[in-house]
Amino acid sequence: MTASEPTPPPLPNDEGAPTSTALAESTEPAATRSGESQPVMAFIEKYALVMLFAVVFIFFCFWSKTSATFPTKANITNVLGDQAVIGILALAILIPLVCGEFDFSVGPVAGLTQVLCAGFMSRLGFPLFLAILVPVLIGMVIGLSNGNTVARVGVNSLIVTLGVGTVLAGVVQWYTDGQSIITGISPTLTRLGSGDWFGLPRTLYILLIVAALVYYLLEHTPYGRYLHSIGSNREAARLVGLPVERLVLISFMLSGALAGFAGVLLVARNGSGSPLVGTVIDTLQALAAAYLGATAIKPGRFNVVGTIVAIYFLAFSVTGLTLAGVSNWINDVFNGAALFIAVLVSTIIGRRRTGTI
Amino acid sequence: MTDPGDQLGAGDAASGGTPPPDADSSTDSGPVDALRVEHLSKTFPGTRALRDVTFGAAPGQIHALLGGNGSGKSTLIKILAGVQHADPGGTIAVRYHRIAAERTTPEEARDLGLRFVHQNPAVFPALTVSENLAIGNGFETGPMGTIKWRAMRHRTQALLDRFEIPAQPSTLVRSLRPAEQAMVAIARALQDQEGEQSGVLVLDEPTASLPAAEVDHLLSALRRYAEAGQTILFVSHRLDEVVGFADQATVLRDGQVAGTLAGDEITENRLIELIAGRALDRLFPDMPEVVSDEHVIEVSHLSGGPLRDVSFGLRRGEVLGIAGLLGSGRSELLKMLFGAYGHKGGTISLEGKPVRFRDIGDAMDAGIAYVPEDRGTEASFPAMSVSDNLSAAIIPNYWKGLRLRDRRARADARSAIDQFFIKASSEQQRMATLSGGNQQKVIIARWLRREPKVLLLDEPTQGVDVNARAEIYALVRNAVAEGCSVLVVTSDFEELSHVCDRVIVLAGGTVTAELRPPDIEPARLTELAYRTKEVAS
Ligand SMILES: Nc1ncnc2c1ncn2[C@@H]1O[C@H](COP(=O)(O)OP(=O)(O)OP(=O)(O)O)[C@@H](O)[C@H]1O
Ligand SMILES: [Mg+2]
């Protein structure tokens, strides 16, 4: 499956399917969005998510049910710190998404590297730097294998990565025997996970550094431009001389490595390696953020800043509702609905912009 | 079909749920137009695509819609189809039914009796004719929801007879001639006008991707449909097919109607004057004389794909044309030279040294550039800006100090837009919103900016207006003057005869003839391209 880059729509452009709206001249390929719309509309489109976020945040600060618990330092730093992991997963999934490929294995990869990181320290007595480096490398190797199957063999990325994710979940059960690994975790690592710098959780700084790197990669390097080109038109990218297979493969390796690192961060945050953390559900949450992010800041384009905004919009909304006494199921419902609405909105924006109503 | 009462009835039947005929419509005494647009305007941010366009198409006539790239033809058609909305104030009238153009819907357009066939008709090559037709009309199903194949076959056969398409319902569309594929798309669009054939059929560049002989085939089919009462509005850039074929022609220039011609007034010179706004003294520039005997590219005994044993040389500063029919292997030949299509046997040498490109990057490094045939699927990045599209093949040039120099890329794009006469509101406009011909100029500019040694052009002027065609060849000429060599494939043999120093004819996968200037004539090329094909098969 391809997530064609412009409107991140769930459906790839079916070859000339004669839908009543596919009437656009076919050499002007069912244009997904026009260049500029009116300045005011463009502004609203860009910042709608940010404004919505602000409204939700202010609402929970003053709503009688949450005004005592929501706007507290403890709550806010907690959310900021907790979401770093999902944030990095979202950045991981973003990279292949830009070139039109899905990596559903990011959640399970983090789940695996998390128990491995804990296991390496607790069972094998690895020094800290190896306990961090090896899981990241393992994530990268899994990405290499995914990328190879997708880019060189040509198997649908959705299927490949879902399959691999399921296998990894099984491996985690086997490795941990269903038990959390809680002893022997390096205190240096857990301090990184729970401590703060200047009043903000350290994991937040880590997320921001990773986000800056991914932003630089996607927006300011030829590699990033190439990925966007591949996402826009793969065959054209090949015919301007891009080594498409290799570029796609590398995107999966980067995604795997980032997911592996997210696993390490989970250990730092939780102080343990748990067989229950790091699943496809996390992938979906990351995906929701990536799609939602594509409706903001640079509408119609997967982008880092939008993704980070989306992560925290989702997290603060869910926390607010939980604090208001809505039970835990809200989490799944909210994230699922967010993914659905994000795809819907970005598709509608795209169609409205070309006037195909 | 000229009895006004009859027309009124027809309009009624076609209009379904739309309001009753406009009693006080200001139609003058003559027969009412089958399709009439009045005061149509359309503003995009940064451009006015249409300004106060008014014209009418008489019933049962073939009406050509012409104009330079970006003059607003496709926009007009999209408004007629209801997929884009005009600015307030315009109206669209079909016979006696008039609707406001700022809020038409596709359903309304359909109810009015308007039918559309878009460029590169969306047929499904791997499905049968019968399935292709059913897709536009819904499959007939039995009580259990199963498809009633037999009924479908009958209906399809009736349609094939009505539109005189020589095919069986079970024929795969892939195996039909290109013109017949287009006819299937037309039949699909018109199939629900049971018995009654007085609608309006709108075609956007139906002939742009068809080779010359296919064009005649399709045009004579259109003529038959017009004689049966259908009104036809079609867009074309090929003036030779409009002259002597269209009954009326409306020319747009910069979104305004530059003029409407009828019957004998439609001559190539008049049309060019209206399209370009001035008389063009030369359609094709003189190419500089080839000065060198040195071969830049030497191909010997090349085979692979549809090609067998192809040999020829390309000299420095030469424009070599390849004439051949669709499927003769001409596009594959260019792709092989560009490293995009592997070859089995034979050698390619570049400047005397045998080369074997492992991939496209190698070929590009060696100084070869390739403008592919199908812009939509092979060349353009629709979601990206014009600037990004222009720089796609030279991105590493902008990678300095660990940063992409985007501002410099954009400044360069602005000068390229001027230099290559591209009509865009800014370098940041999305590629997808450029008109077809201007997208083509962007692609050509992308490659010429690399200052290649060898330029491979596959159908470079497809969908490009007369004016821009002259401009494109002027650009090619400049490149040639700097020592570039050009290999050009086009179905337009007229064009080959004007721009080439030499033409080789490719048929059945091999070179069957070579022509030099006094002998390069369109008729002779057509004959050779066909005759050798028959010999080969
Ligand atoms: N969605 C859009 N947003 C902004 N500008 C647009 C959009 N669609 C078309 N335009 C502009 O409107 C003008 C008319 O375009 P149109 O596609 O109608 O030209 P055309 O006559 O069909 O040209 P061609 O012969 O090249 O196909 C062009 O300048 C084009 O860039
Ligand atoms: Mg057009």
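Cut-offs and rules
Residues numbered from 1 in each chain as written. Chains lettered and ligands numbered in written order. Predicted model: local features only at pLDDT ≥ 70, side-chain atom pairs only at ≥ 80, totals over all residues. Heavy atoms only, no water. Helix = DSSP H or I, 4+ residues; strand = E, 2+ residues; numbered from the N terminus. Contact = heavy atoms within 4.5 Å. Areas by Shrake-Rupley, 256 points an atom, 1.4 Å probe, with all protein chains shown as cover. Near = heavy atom within 4 Å. Polar contact = N/O pair within 3.5 Å; in protein donor to acceptor, adjacent residues only side chain to side chain. Nonpolar A, V, L, I, M, F, W, Y, C, P; charged D, E, K, R; others polar. Expected span 1.5 Å × (residues − 1). Buried < 20%, exposed > 50% of the residue type's maximum accessible area, 1.4 Å probe, protein only. Core = buried A, V, L, I, M, F, W, Y, C linked by side-chain atoms within 4.5 Å. Pairing = 2+ DSSP bridges. Right-handed = clockwise from strand over helix to strand, strands pointing away. Axes fitted to C-alpha atoms, helices over the stretch in contact; angles between N-to-C directions.

**Description of the overall build of chain B**
So, step 1. Of the regular secondary structure elements, chain B holds 18 helices and 22 strands.
So, step 2. Long-range pairs, those at least 24 residues apart, make up 67% of the contacts in chain B between residues at least 6 apart in sequence.
So, step 3. A total accessible area of about 21400 Å² is found for chain B, and carbon and sulfur atoms account for 49% of it.

**Description of the site of ligand 1**
Residues and elements named next belong to chain B.
So, step 1. Contacts to ligand 1 come from 22 residues, most closely from Asn69, Lys73, Ser74, Thr75 and Gly437.
So, step 2. A distance of 2.7 Å is found between an oxygen atom of ligand 1 and a side-chain nitrogen or oxygen belonging to Asn69.
So, step 3. A distance of 2.9 Å separates an oxygen atom of ligand 1 from a polar atom in the backbone of Gly72.
So, step 4. For ligand 1, whose accessible area on its own is 640 Å², the fraction buried by protein is 96%.
So, step 5. Of all the secondary-structure elements, those providing two or more residues to the shell around ligand 1 are strand S2 (47–57), helix H2 (73–80) and helix H15 (436–448).
So, step 6. When residues in the shell around ligand 1 are grouped by element, the largest group, 3 residues, is from H2.
So, step 7. Here the shell around ligand 1 is composed, by residue class, of 3 nonpolar, 15 polar and 4 charged.

**A word on helix H3 (residues 106–122) of chain A**
So, step 1. Across its 17 residues, H3(A) extends 24 Å between first and last C-alpha, which sits within 8% of the 24 Å expected from 1.5 Å per residue.
So, step 2. In terms of residue burial, H3(A) counts as a mostly covered element, since 16 of its 17 residues are buried.

**Quick word on the nonpolar core**
So, step 1. In this structure, Leu91(A), Tyr312(A), Phe338(B) and Trp447(B) are the most contacted members of the largest nonpolar core, which totals 187 residues.
So, step 2. For this core, the leading source of residues is helix H2 (residues 73–98) of chain A, giving 15 residues.
So, step 3. When residues no more than four places from it in sequence are discounted, the contact partners of Trp447(B) are Leu239(A), Val240(A), Phe338(B), Met364(B), Ala369(B), Tyr370(B), Val371(B), Ala393(B), Pro452(B) and Leu455(B).
So, step 4. Within the second largest apolar cluster, 48 residues are counted, among which are Leu176(B), Val215(B), Phe234(B) and Ala249(B).

**Considerations on the pairing of strand S19 (residues 454–458) of chain B**
Residue and element names in this part refer to chain B.
So, step 1. Burial analysis of S19 places 5 of its 5 residues in the buried class, the great majority of the element.
So, step 2. Burial along S19 is two-sided: Val454, Leu456 and Asp458 and Leu455 and Leu457, pointing in opposite directions, are all buried.
So, step 3. Here S19 runs beside strand S20 (residues 485–489); their pairing, made up of 5 bridges, is parallel. Along S20, the bridge assignment pairs Asp458 with Val489.
So, step 4. With helix H16 (residues 466–481) bridging S19 and its parallel neighbour S20, the resulting β-α-β unit is right-handed.

**Quick notes on the sheet that holds strand S14 (residues 345–350) of chain B**
Residue and element names in this part refer to chain B.
So, step 1. Strand order in this open sheet of 4 strands is S12-S11-S14-S15, and the pairing throughout is antiparallel. Edge positions in the open sheet fall to strand S12 (307–315) and strand S15 (353–355), since each of these has one partner strand only. Strand-to-strand twist across the sheet, computed as the mean angle between neighbouring axes with direction ignored, equals 25 degrees.
So, step 2. Where strand S11 (residues 295–304) lies against S12, 6 bridges are found, and the strand directions are antiparallel. Residue Ile297 lies in a different strand from S12, and its bridge partner there is Leu314.
So, step 3. Docked against the sheet, helix H10 (residues 330–337) engages S11, S12 and S14, running at close to 120 degrees with respect to S11.

**A closer look at unusual backbone geometry**
So, step 1. Even without being glycine, Asp177(A) reaches a positive phi, approximately 60 degrees.
So, step 2. Secondary-structure assignment places Asp177(A) in the loop between helix H5 (157–176) and helix H6 (187–194).
So, step 3. In this structure, Arg95(B) takes a positive phi of about 50 degrees despite not being glycine.
So, step 4. Of note, Arg95(B) is situated in the loop between strand S4 (91–94) and strand S5 (97–100).

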